[in-house]
Amino acid sequence: MAFELIDLPYDDSALEPAVSANTLSFHHGKHHQAYIDKMNAAIDGTDLAGKSMEDIVVASRGSNQGLFNNAAQSWNHAFYWHSMAAETGAPSADLAAKIDEAFGSMDELKQQLKDRGLGHFASGWVWLAEKDGKLSIEETHDGDTLADSGFNPLLTIDVWEHAYYLDHQNKRPAYLDAVVEGKLNWAFASENLARGSAWTYPA
Ligand code: MN
(Lines give C-alpha, C1' and ligand atoms only; values in the text may rest on other atoms or scores of the structure.)
Protein backbone atom coordinates (compact mmCIF):
# COMPACT_ATOMS: atom_id res chain seq x y z
CA MET A 1 0.00 0.00 0.00
CA ALA A 2 1.28 3.43 -0.87
CA PHE A 3 2.23 5.95 1.78
CA GLU A 4 0.00 8.96 2.26
CA LEU A 5 1.16 12.46 3.11
CA ILE A 6 0.43 13.01 6.80
CA ASP A 7 -1.80 15.93 7.70
CA LEU A 8 -0.22 18.86 9.48
CA PRO A 9 -0.87 18.51 13.23
CA TYR A 10 -2.17 22.13 13.34
CA ASP A 11 -3.97 24.70 11.20
CA ASP A 12 -1.80 26.02 8.43
CA SER A 13 -1.71 29.47 10.05
CA ALA A 14 -0.79 28.13 13.51
CA LEU A 15 2.94 28.86 13.21
CA GLU A 16 2.66 32.42 11.90
CA PRO A 17 4.63 34.60 11.70
CA ALA A 18 7.60 32.22 12.14
CA VAL A 19 6.34 29.93 9.39
CA SER A 20 3.41 31.23 7.34
CA ALA A 21 0.43 29.41 5.87
CA ASN A 22 1.87 30.32 2.48
CA THR A 23 5.14 28.56 3.27
CA LEU A 24 3.30 25.50 4.60
CA SER A 25 1.14 25.34 1.48
CA PHE A 26 4.28 24.87 -0.60
CA HIS A 27 6.52 23.08 1.90
CA HIS A 28 3.94 20.55 3.04
CA GLY A 29 1.55 20.56 0.10
CA LYS A 30 4.12 20.56 -2.71
CA HIS A 31 7.62 19.62 -1.46
CA HIS A 32 6.63 16.97 1.08
CA GLN A 33 3.94 15.60 -1.23
CA ALA A 34 6.53 15.26 -4.02
CA TYR A 35 8.91 13.30 -1.78
CA ILE A 36 6.06 10.93 -0.85
CA ASP A 37 4.96 10.55 -4.46
CA LYS A 38 8.48 9.83 -5.72
CA MET A 39 9.10 7.30 -2.95
CA ASN A 40 5.81 5.56 -3.73
CA ALA A 41 6.68 5.43 -7.42
CA ALA A 42 10.13 4.00 -6.65
CA ILE A 43 8.84 1.16 -4.44
CA ASP A 44 5.76 0.29 -6.51
CA GLY A 45 6.02 -3.30 -7.68
CA THR A 46 9.25 -3.96 -5.75
CA ASP A 47 9.72 -6.06 -2.62
CA LEU A 48 9.90 -2.80 -0.61
CA ALA A 49 6.21 -2.12 -1.28
CA GLY A 50 4.38 -2.66 2.01
CA LYS A 51 7.48 -2.12 4.16
CA SER A 52 7.61 0.63 6.77
CA MET A 53 9.17 3.95 5.84
CA GLU A 54 11.97 3.26 8.32
CA ASP A 55 12.68 -0.10 6.66
CA ILE A 56 12.83 1.62 3.27
CA VAL A 57 15.31 4.19 4.62
CA VAL A 58 17.53 1.40 5.92
CA ALA A 59 17.23 -0.70 2.77
CA SER A 60 18.05 2.16 0.42
CA ARG A 61 20.84 3.87 2.40
CA GLY A 62 24.07 3.53 0.48
CA SER A 63 22.54 1.40 -2.28
CA ASN A 64 19.78 3.44 -3.93
CA GLN A 65 20.42 7.16 -3.42
CA GLY A 66 17.34 8.31 -5.32
CA LEU A 67 14.97 6.24 -3.22
CA PHE A 68 16.89 7.01 -0.04
CA ASN A 69 16.62 10.78 -0.59
CA ASN A 70 12.86 10.63 -1.08
CA ALA A 71 12.21 8.21 1.78
CA ALA A 72 14.45 10.08 4.20
CA GLN A 73 12.93 13.42 3.21
CA SER A 74 9.43 11.98 3.61
CA TRP A 75 10.35 10.92 7.15
CA ASN A 76 12.26 14.11 8.02
CA HIS A 77 9.43 16.41 7.01
CA ALA A 78 6.80 14.46 8.95
CA PHE A 79 9.05 14.63 12.01
CA TYR A 80 9.66 18.35 11.42
CA TRP A 81 5.92 19.18 11.32
CA HIS A 82 5.58 17.54 14.73
CA SER A 83 8.69 19.30 16.01
CA MET A 84 6.80 22.61 15.88
CA ALA A 85 3.63 23.79 17.57
CA ALA A 86 1.66 26.99 18.03
CA GLU A 87 2.42 26.83 21.75
CA THR A 88 5.82 25.48 22.71
CA GLY A 89 4.77 23.95 26.02
CA ALA A 90 7.41 22.85 28.50
CA PRO A 91 9.82 19.94 28.54
CA SER A 92 9.11 17.05 30.90
CA ALA A 93 11.11 16.94 34.13
CA ASP A 94 13.32 14.22 32.63
CA LEU A 95 13.98 16.21 29.46
CA ALA A 96 14.61 19.42 31.43
CA ALA A 97 17.17 17.61 33.58
CA LYS A 98 18.93 16.18 30.53
CA ILE A 99 19.00 19.62 28.87
CA ASP A 100 20.62 21.11 31.96
CA GLU A 101 23.13 18.25 32.09
CA ALA A 102 24.14 18.55 28.44
CA PHE A 103 23.85 22.28 27.79
CA GLY A 104 23.68 23.97 31.19
CA SER A 105 20.31 25.60 30.52
CA MET A 106 17.41 25.78 28.07
CA ASP A 107 18.65 29.20 26.94
CA GLU A 108 22.05 27.76 26.10
CA LEU A 109 20.48 24.86 24.18
CA LYS A 110 18.40 27.35 22.17
CA GLN A 111 21.47 29.44 21.42
CA GLN A 112 23.41 26.38 20.26
CA LEU A 113 20.52 25.23 18.04
CA LYS A 114 20.48 28.66 16.40
CA ASP A 115 24.27 28.72 16.03
CA ARG A 116 24.40 25.25 14.48
CA GLY A 117 21.50 26.04 12.18
CA LEU A 118 23.19 29.23 11.02
CA GLY A 119 26.55 27.53 10.60
CA HIS A 120 25.16 24.60 8.64
CA PHE A 121 26.42 25.04 5.07
CA ALA A 122 23.74 24.85 2.38
CA SER A 123 20.81 22.45 2.82
CA GLY A 124 20.16 20.08 5.67
CA TRP A 125 18.73 19.47 9.09
CA VAL A 126 19.65 20.34 12.67
CA TRP A 127 18.51 17.93 15.36
CA LEU A 128 18.24 17.63 19.11
CA ALA A 129 18.91 13.95 19.73
CA GLU A 130 19.52 11.47 22.53
CA LYS A 131 21.89 8.53 22.64
CA ASP A 132 22.93 6.47 25.66
CA GLY A 133 20.99 8.87 27.89
CA LYS A 134 22.84 11.97 26.71
CA LEU A 135 21.52 14.81 24.58
CA SER A 136 23.42 16.36 21.69
CA ILE A 137 22.86 18.58 18.68
CA GLU A 138 23.41 16.74 15.41
CA GLU A 139 23.38 17.87 11.78
CA THR A 140 22.56 15.94 8.61
CA HIS A 141 23.23 17.21 5.11
CA ASP A 142 20.76 17.45 2.25
CA GLY A 143 18.19 14.68 2.68
CA ASP A 144 20.09 12.61 5.22
CA THR A 145 18.21 11.59 8.34
CA LEU A 146 18.67 10.43 11.93
CA ALA A 147 15.75 8.00 11.53
CA ASP A 148 18.07 4.97 11.31
CA SER A 149 21.14 6.44 13.00
CA GLY A 150 21.12 4.90 16.46
CA PHE A 151 20.22 8.32 17.85
CA ASN A 152 16.76 8.93 19.20
CA PRO A 153 15.75 12.18 17.46
CA LEU A 154 13.83 14.52 19.78
CA LEU A 155 13.30 17.54 17.50
CA THR A 156 14.45 18.73 14.10
CA ILE A 157 14.68 22.01 12.21
CA ASP A 158 14.70 22.14 8.41
CA VAL A 159 17.39 24.56 7.22
CA TRP A 160 16.77 24.13 3.50
CA GLU A 161 15.99 27.54 1.96
CA HIS A 162 12.49 26.40 1.02
CA ALA A 163 11.70 26.26 4.76
CA TYR A 164 12.08 30.03 5.19
CA TYR A 165 12.61 31.90 1.94
CA LEU A 166 9.00 33.02 1.43
CA ASP A 167 8.79 34.40 4.97
CA HIS A 168 12.31 35.57 5.73
CA GLN A 169 14.01 35.62 2.30
CA ASN A 170 17.72 34.90 2.78
CA LYS A 171 17.65 35.67 6.51
CA ARG A 172 18.12 32.20 7.99
CA PRO A 173 18.85 33.72 11.44
CA ALA A 174 15.39 35.32 11.54
CA TYR A 175 13.74 31.97 10.77
CA LEU A 176 15.86 30.13 13.31
CA ASP A 177 15.19 32.74 15.97
CA ALA A 178 11.43 32.64 15.40
CA VAL A 179 11.23 28.83 15.40
CA VAL A 180 13.68 28.09 18.19
CA GLU A 181 12.36 30.77 20.53
CA GLY A 182 8.68 30.38 19.82
CA LYS A 183 7.61 27.25 17.97
CA LEU A 184 9.56 24.19 19.10
CA ASN A 185 7.27 21.47 20.45
CA TRP A 186 8.76 20.48 23.80
CA ALA A 187 5.89 18.12 24.51
CA PHE A 188 6.79 16.15 21.35
CA ALA A 189 10.47 16.12 22.34
CA SER A 190 9.48 14.85 25.79
CA GLU A 191 7.35 12.05 24.27
CA ASN A 192 10.24 11.00 22.06
CA LEU A 193 12.64 10.91 24.99
CA ALA A 194 10.19 8.91 27.12
CA ARG A 195 9.61 6.35 24.34
CA GLY A 196 13.35 5.71 24.19
CA SER A 197 13.40 4.78 20.50
CA ALA A 198 13.04 6.73 17.28
CA TRP A 199 9.64 8.07 16.24
CA THR A 200 8.03 6.17 13.38
CA TYR A 201 6.01 7.46 10.43
CA PRO A 202 2.29 6.73 10.96
CA ALA A 203 1.29 3.54 9.16
MN1 MN B 1 12.03 20.92 3.57
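Presented here is an overview of the structure given in this document. Just so it is clear, the structure is predicted and the values come from calculations on it, not from any experiment.

1. A look at the nonpolar core
Right, so step 1: By size, the foremost hydrophobic cluster in this structure holds 61 residues, and its most contacted members are Leu109, Tyr175, Trp186 and Tyr201.
Right, so step 2: Once residues lying within four places of it in the same chain are set aside, the contact partners of Tyr175 are Ala18, Val19, Tyr80, Ile157, Asp158, Ala163, Tyr164 and His168.

2. What to know about the coordination of the manganese ion
Right, so step 1: At the metal site, the manganese ion is ligated by His27 (NE2), His77 (NE2), Asp158 (OD) and His162 (NE2), and these contacts range over 2.0 to 2.2 Å.
Right, so step 2: Each donor residue of the manganese ion belongs to the same chain, with the gaps between them written as H-x49-H-x80-D-x3-H.

3. Considerations on the sheet that holds strand β3 (residues 152-158)
Right, so step 1: The strand order across the open sheet formed by three strands is β2-β1-β3, and the pairing between neighbours is antiparallel. The open sheet is flanked by β2 (134-141) and β3, the only strands paired with a single partner. Sheet twist, expressed as the average angle between the axes of neighbouring strands with direction ignored, equals 25°.
Right, so step 2: Sitting on the sheet, helix α5 (residues 106-119) is in contact with β1 (124-131) and β2, with an inclination near 15° to β2.

4. A closer look at the pairing of β2
Side-chain direction in a regular strand flips from residue to residue, so the side chains alternate between the two faces of the sheet.
Right, so step 1: Bridging between β1 and β2 involves eight bridges; their strand directions are antiparallel. Within β2, the position partnered with Gly124 by the bridge is His141.
Right, so step 2: Here β1 folds back onto β2 in antiparallel fashion, the turn holding two residues, of which Asp132 has a positive phi close to 50°.

Rules of the game
All residue numbers here refer to positions counted from 1 along the written sequence of the relevant chain. Restriction of local features to residues with pLDDT of at least 70 applies here, the model being predicted, together with a cutoff of 80 or more for giving and counting side-chain atom pairs; totals for whole chains, interfaces and linings are based on all residues. Note: side-chain values were computed over all heavy atoms of the structure, leaving out hydrogens and water. Take the buried Ala, Val, Leu, Ile, Met, Phe, Trp, Tyr and Cys residues and link them wherever side-chain atoms come within 4.5 Å; each set so joined is a nonpolar core. Exposure is judged per residue with a 1.4 Å probe applied to protein chains only, and the accessible area is read against the type maximum: over 50% gives exposed, under 20% gives buried, and values in between give partly exposed. Contact criterion: two residues are considered in contact whenever any of their non-hydrogen atoms come within 4.5 Å of each other. Water is absent from the atoms considered, so a metal site may look incomplete; donors are defined as N, O and S atoms within 2.8 Å of the metal, or 3.2 Å for Na, K and Ca. Only when DSSP finds a minimum of two bridges between them are two strands counted as paired. Elements are defined by DSSP. Helices are runs of H or I of four residues or more, strands are runs of E of two residues or more, and each kind is numbered from the N terminus. Inter-axis angles, ranging from 0 to 180 degrees, are taken between N-to-C directions of lines fitted to C-alpha atoms, where helices are fitted over the stretch in contact.

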